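Structural overview for review
Residues per chain, in single letters:
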Amino acid sequence: MTVITEQTILITGCSRRLGYLLGCHFLAKNFRVLAHYRTPTHETEQLKSQGAILLQADFTQSQHIIHFIEQVKSLTNELRGIIHNASMFAPDQTEPQAILEQYHQLYQVHMVAPALINHELKATLQQGANPYSDIIHITDIAVNHPHPNCSLYSSTKAGLENLTLSFAKNFAPQIKVNSIQPGTFEFLTHHTEAEKANILNETLLKRIGGFETIIKTVDYLLDNHYITGSAIKVDGGHTLI
C-alpha cells in the first residue's frame, strides 16, 4: 500500500451534504483527502473520481473504528487536520430497548469515534511540516439549546463539545482543537414552504446560511494559529431568539 507523505486532511462523514462538499473543497485546494463514509453514494464516487481516498467504516461498531484508524495510519505519515463531521440525527425513540440501541449508536458516532481517532492519530498530527495542526469537531447549536424531541442526539453532541475542551488542553501547543456549532444551514428536500419560512423566522438574519458558511469557518480555524478550545456558532443568530 502506498504511503502518502504530502499534506493530508481526514474528513469523516463524506457520503453527502457538508462532508462531501468539504472533500471537494480540500481537493480543489490540492490537499490529499482521506474521506470516510459509512454507506456508498453517488457523492462518494464523485470524490473518488476527483482523487479522494475513500475509507469505509461503520462508527457504531467499535471494531470498525479501530480498523479505520489502522487504515489511516497505513496511508499517511502526517495529517494537517481532522474534521469530525460524521453524525446521526433522529428523533428520540420511545421504547426502552430502542432507546438503549439508539443511545449506544449516537454515543459511538458522536463521542467514541472522535475520541479514539484523536487519541490514536495524535502522533500523526504532530508530524506535518506545518507548525501546528487542527482538529475540528462539527457539533450543533443543540449542545446548549437541545432539540425538544432529540435529547439523545443533543446530549451526545454536547459530549463531543466537552471533548473539544479536553483535547484542546491535552494536545496543546502543537495541535489546536475547536468546534463549529451549526444551526440549520441548508434546507432539506422534505421541508415544505411553511417549514422553510419558519426556519428563516427563527434566525435574526432571516436567511439560510448555506454549506459555504461552514466551509469558510473551517478555513478560518485552519488559518488562524491562535484559536483553540473555542466553539464558533454559525446559526444566523438563532440562539439569540
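Residues numbered from 1 in each chain as written. Predicted model: local features only at pLDDT ≥ 70, side-chain atom pairs only at ≥ 80, totals over all residues. Heavy atoms only, no water.

Overview of the packing of helix α1 (residues 17-28) against helix α8 (residues 211-223)
Put simply, the rule reads: Throughout, an axis means a line fitted to C-alpha atoms (over the contacting stretch in the case of helices), and angles, computed between N-to-C directions, take values from 0 to 180 degrees. Here a helix means four or more residues in a row that DSSP labels H or I, a strand means two or more in a row labelled E, and each is numbered from the N terminus. Angles are sorted into four bins: roughly parallel if under 35 degrees, roughly antiparallel if over 145, roughly perpendicular if 65 to 115, and oblique for all others. A clockwise turn of the near helix away from the far one marks a right-handed crossing, whereas an anticlockwise turn of less than a right angle marks a left-handed crossing. Note on definitions: a residue-residue contact is assigned when non-hydrogen atoms from the two residues lie within 4.5 Å.
The interhelical angle for the contact between α1 and α8, taken along N-to-C directions, is 50°, at an axis separation of 10 Å. The orientation of α1 with respect to α8, classified from their angle, is oblique. The handedness of the crossing between α1 and α8 comes out as right-handed. Across the interface between the two elements, R17, L18, L21, L22, H25 and F26 of α1 pack against F211, I214, I215, V218, D219 and L222 of α8.

Notes on the layout of surface pockets
Selection criterion: A pocket, in this scheme, is an open set of points on a 1 Å grid over the protein atoms alone with protein on both sides within 12 Å along at least 5 of 7 lines, while a cavity is a set where a 1.4 Å probe fits but cannot get out; residues line either one if an atom lies within 4 Å of a point. Grid points are joined across faces, edges and corners, and a volume is the space filled by probe spheres set on the points. Gly counts as polar in this scheme, as do all residues outside two lists: the nonpolar Ala, Val, Leu, Ile, Met, Phe, Trp, Tyr, Cys and Pro, and the charged Asp, Glu, Lys and Arg.
Approximately 1500 Å³ is the volume found for the largest pocket. R17, F89, D140, Y153 and F185 are, among the 49 residues lining the largest pocket, the residues nearest its centre. Looking at the lining of the largest pocket, the elements that each hand over two or more residues are α1, β2 (32-37), α6 (151-171), α7 (193-201) and α8. Here the lining of the largest pocket is composed, by residue class, of 20 nonpolar, 19 polar and 10 charged.

Examining the environment of N178
For clarity, the cut-off: Burial classes: relative accessible area under 20% of the type maximum marks a residue as buried, over 50% as exposed, and values in between as partly exposed (1.4 Å probe, protein chains only). We call two N or O atoms a polar contact when they sit within 3.5 Å, provided that within protein one can donate a hydrogen and the other can accept it, with sequence-adjacent residues counted only if both atoms are side-chain atoms.
With respect to the helices, strands and loops of the structure, N178 is situated in strand β6 (residues 175-182). Take N178: its relative accessible area is 0%, and that puts it in the buried class. The spatial distance from the C-alpha of N178 to the C-alpha of P146 is 20 Å, given a sequence separation of 32 residues. Beyond its immediate sequence surroundings of up to four residues, N178 is in contact with I135, I136, H137, T164, L221, I227, T228, G229 and S230. In this structure the side chain of N178 is engaged in a polar contact, spanning 3.0 Å, whose partner is the backbone oxygen of I227.

Regarding the side chain of H137
Residue placement: H137 occurs in strand β5 (residues 133-138). Overall, H137 belongs to the buried group, its relative accessible area being 0%. A polar contact of 3.2 Å, which involves the side chain of H137, links it to the side chain of N118. Non-local contacts of H137, meaning those with residues more than four positions away in its chain, are made with H84, P114, N118, L160, L163, T164, V177, N178, S179 and I180.

Some thoughts on the packing of helix α4 (residues 96-120) against α6
At their nearest, the axes of α4 and α6 sit 10 Å apart, and the two run at 15° to each other. With respect to each other, α4 and α6 are oriented roughly parallel. Of the two elements, α4 crosses α6, and the hand of that crossing is right-handed. Contact residues: I99, Q102, Y103, L106, Y107, H110, M111, P114, A115, N118 and H119 in α4; L152, Y153, S155, T156, K157, G159, L160, L163, F167 and F171 in α6.

Focus on empty space enclosed by the protein
Taken as a whole and assessed by the stated rule, the structure comprises 2 cavities of 30 Å³ or more. Size it by volume and the largest cavity reaches roughly 40 Å³. T12, F59, H84, A86, V109, H110, P114 and L160 together form the lining of the largest cavity. Of the residues forming the lining of the largest cavity, the biggest block, 3 residues, is contributed by α4. By residue class, the composition of the lining of the largest cavity is 5 nonpolar, 3 polar and no charged. Of the volumes computed, that of the second largest cavity is approximately 30 Å³.

A few points about the sheet that holds strand β3 (residues 53-56)
We apply this condition: Here, a strand pair is defined by DSSP locating no fewer than two bridges between the strands.
Spatial ordering of the open sheet is given by β3-β2-β1-β4-β5-β6-β7, a layout of 7 strands whose pairing is parallel. Each edge of the sheet is formed by a strand with only one pairing partner; in this case those strands are β3 and β7 (231-234). For this sheet, the mean angle separating the axes of adjacent strands, direction not counted, is 20°. Here strand β1 (residues 8-11) runs beside strand β4 (residues 81-84); their pairing, made up of 3 bridges, is parallel. Bridge pairing links L10 to I82 in β4. α1 contacts β1, β2, β4 and β5 of the sheet and is inclined by roughly 175° relative to β1. The sheet strands contacting α6 are β5, β6 and β7, and the helix crosses β6 at an angle near 160°.

Distances and angles like these do not, on their own, reveal function.
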